[in-house]
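Structural overview
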Amino acid sequence: MAKATSLLEERAWSCNVMMYPRNNSRYASIIARNDKVKSRFKDILVAACRTPCDVASHSESSPLSLQYEVNPKEKLSTTFIFNIIKPLSLITDGALMIVDYEHGICDKVEAEMRKALSDKISVVLLINNVDSCFYFEGEKVYQILFNIVKNVNSIIKEFKDADEVCPGKGTVIFTFGLSDSAFNLSKFATDGSVPEKLWGDNYYDPRYSKWYSKKTKSASCKRGFVHFCYEPIKEILRHASDNEIGKLCCLAEKLGIDVNCQEKSDGMTLMKSIMQKWLPADSLLAEMMISHLPSPVTAQQCRFSILYTGDESDKYAQAISCNPDGPLMLYVSNYEDKSSVLGRVYSGNVSTWMTVRVIRPAYRSGGKEHTCCVKLWDENKTGYVEKVSSGSLVVLESVCKF
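The sections below set out a description of the structure shown in this document. All residue numbers refer to position in the chain's written sequence, counted from 1. pLDDT decides what is reported in this predicted model: residues at 70 or higher carry local features, side-chain atom pairs at 80 or more are listed and counted, and totals for whole chains, interfaces and linings draw on all residues regardless. Hydrogens and waters are ignored; side-chain quantities use all the structure's heavy atoms.

Next up on the list: the sheet that holds strand β8 (residues 203-205). Strand order in the open sheet made by the three strands is β9-β8-β10, with antiparallel pairing throughout. Pairing within the sheet leaves two strands with one partner each, and these edge strands are β9 (210-212) and β10 (222-223). Bridge count between β8 and β9: three bridges; the pairing is antiparallel. Looking at the pairing, Tyr203 lines up with Tyr212 of β9. Strands were regarded as paired on the criterion that DSSP finds at least two bridges between them. Numbered from the N terminus, helices here are DSSP runs of H or I no shorter than four residues, and strands are runs of E no shorter than two.

Structure, rendered in structure tokens:
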């Protein structure tokens, strides 16, 4: 292989560093009703990156790698997102399902979700554009969001061992279209509440500082979600709609948010600034995917039965549990262009210029050998990496003819 430039060497080194902490990696599909929605949340996830050089993307159907720092004292976690039309469920371990408040679960989203669940993919839910329903009164907003979660879970229940999504457990977030902000229930949990109490039939009366399992006759007794989540956000939206800049500034000060003079030009501009700083969508979305989607090590131990059709007790099946020292097993999913394919290394290591045996779906015995090379995605150019280990995604050249 020709000697790489310093930039490519640096990126290749960075890529190899990101591949090896398998427990810190996440591979997921984005399931949404159209490419515009996928692109928007791809950009939001890019914003979660702490180091721009660790971002690599080509197109809407290309891999996107992100690094997100959950805790400054902990190691960086690497999240890989695929913004694709069809979920590549055999090379990903999780899925971000995006359901629009107004459109609900459309046929396209449901079909992709069912495919992902049938392949034992873990799912987290994002309910989009909820600001459109915040003009209703609080209890109605809750019922709208509750029914969306209920409908999603009615599909998940059809699949054995699939975990339902639950706002109280952090596997559901709500996003605002106008301000690119988002919230989950943990954001509003206080000393008197926990995330689980902010969903379901849990009612809080601030007059007595008590929780109830049923709504009392007291006018101040409201559902936990309404009191702790809906009303604080609704207050900001109402002041913005009335262009009450002074009141918005007071709220910003209470929340510990600094706003500049330019942001105070009008109510809507100020509202967007406050919401983005108070409830940032990028960090919240990345944190949910890191916390609730499995690493390759965890996922492959549960999914090897659908990834491998041979004897489940042989050395190949056992190596699929992300064993870097096992035999090379690499699944090719789709064509990226006329000369390369996208795949996932389930066991062993694949190296540049190494000879591999290519097996087509109709394979019965024997196989073909061909030289393949691994290439690293870059925003403007392609660079080669020397080796990719188990649990990682890879682009292979020179195997398309087979």
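What follows deals with the nonpolar core. As a rule of thumb, nonpolar side chains are buried together in soluble globular proteins. Put simply, a nonpolar core is a bunch of buried Ala, Val, Leu, Ile, Met, Phe, Trp, Tyr and Cys residues held in one set by side-chain atoms that sit within 4.5 Å of each other. Only protein chains enter the area calculation, which uses a 1.4 Å probe; residues under 20% of their type maximum are buried, those over 50% are exposed, and those in between are partly exposed. Counting 56 residues, the largest nonpolar core has Phe134, Phe183, Phe225 and Ile233 as its most contacted members. Those elements that provide at least two residues to this core are β4 (94-100), α3 (107-118), β5 (122-128), α4 (138-156), β6 (172-176), α5 (224-241), α6 (245-254) and α7 (267-278). For Ile233, the contacting residues outside a window of four places in its chain are Phe134, Phe176, Phe183, Phe188, Met275, Trp278 and Leu279. Contacts were defined at the residue level, with two residues in contact if any of their heavy atoms lie within 4.5 Å.

Turning next to the pairing of β6. The element β6 is extensively covered by neighbouring structure, given that five of its five residues are classed as buried. Here β6 shows no split at all, with Val172, Phe174 and Phe176 on one side and Ile173 and Thr175 on the other all buried. Pairing analysis gives three bridges linking β5 to β6, with the strands arranged parallel. Counted as the bridge partner of Leu125 is Val172 from β6. Handedness of the β5-α4-β6 crossover: right-handed. Inspection of the sheet shows β6 paired to strand β7 (residues 181-183) by three bridges, in the antiparallel sense. Bridge pairing in β7 links Phe174 to Phe183. For crossovers, right-handed means that the path from the first strand over the helix to the second runs clockwise, given strands pointing away from the viewer.

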